[in-house]
Amino acid sequence: RGYAEDLPFDDNSFNHSCLFTTLEFVADPKKSLEEAFRVAKDRVFIGVLNRYAIKGVQRRIQGFFGKGIYAKARFFSLWELKTMVRDLVGDVPVTWRSICLFPDTPGTMSFSPDTWPLARRMPFGTFVGMVVTLKPRFRVRPLALPYPSESRYKESLTGFAAQSGKKMHKDS
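About the cut-offs
- Note on numbering: residues in each chain are counted from 1, in written sequence order.
- It should be noted that, the model being predicted, local features are given only for residues of pLDDT at least 70 and side-chain atom pairs only at 80 or more, the latter also being counted only at that level, while totals for whole chains, interfaces and linings use all residues.
- The side-chain values count all of the structure's non-hydrogen atoms but skip hydrogen atoms and water molecules.
- Scored between 0 and 100, pLDDT is the confidence that the predictor attaches to each residue.
- Each helix corresponds to a stretch of at least 4 residues labelled H or I by DSSP, and each strand to a stretch of at least 2 residues labelled E; elements are numbered beginning at the N terminus.
- Burial classes follow relative accessibility: with a 1.4 Å probe on protein chains only, a residue under 20% of its type's maximum area counts as buried, one over 50% as exposed, and anything between as partly exposed.
- Whether two residues touch is decided by their heavy atoms; if any such pair falls within 4.5 Å, the residues are in contact.
- Expected span, for any helix, means 1.5 Å times one less than how many residues it has.
- Regarding the arc, it is the one traced by the directions from the helix axis to the C-beta atoms.

In this model, the protein chain carries a mean pLDDT of 76, and residues with pLDDT of at least 70 account for 65%. Ranking the helices and strands of the protein chain by mean pLDDT puts helix H1 (residues 29–39) first, with 93, and helix H6 (residues 159–171) last, with 53.

Let us now look at the side chain of serine 77. Take serine 77: it is sitting in the loop between helix H2 (54–65) and helix H3 (78–89). Residue classification places serine 77 among the buried residues on the basis of a relative accessible area of 3%. Apart from the residues within four sequence positions on either side, serine 77 is in contact with Asn50, Arg51 and Tyr52.

Because each turn of an α-helix spans 3.6 residues, side chains separated by three or four positions end up pointing in the same direction. With twelve residues, H3 should reach 16 Å at 1.5 Å per residue; the first-to-last C-alpha distance of 17 Å fits that figure. Those residues of H3 that sit buried are Leu78, Leu81, Met84 and Val85. Take H3 and look down its axis: the buried residues cluster within an arc of 130°, on one side only. Lining the buried residues of H3 we find H1, strand E2 (40–49), strand E3 (94–99) and strand E4 (127–133).

Structure (structure tokens):
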């Protein structure tokens, strides 16, 4: 168990990490993304509720006037998310899609434009999904290397090193 801002895992522990509707509800979204990038080796999947979607505006108004789940939520736009990703991991491949949810009349068959390729690339969709492909990187934490004790080295000294070592011990 842990917090998104401080994950209890080693660097590069997982092939993928996922943050679906997480960034909206954490105290520090940038730190959460940084931790997701740290523990993932290959890809990070990010899903957010779009700030500029009609449903997003409705949720913000609902949170402003009510005490629901959206009262303390922070919504992101596609551009804000891309900027945070670029600030944290640099110029890496990023792909994104969105989904537009349209109202449906109960009991009727409706035609959904969500299947159109153009609708999926619309930056004003209700939900934005992003895949960040990470570049390979090295571990950032130093490794503890075991080394033999000094007494082992003193016994194996020969030649000039052994003579100078004896002189040093006689002088002191």
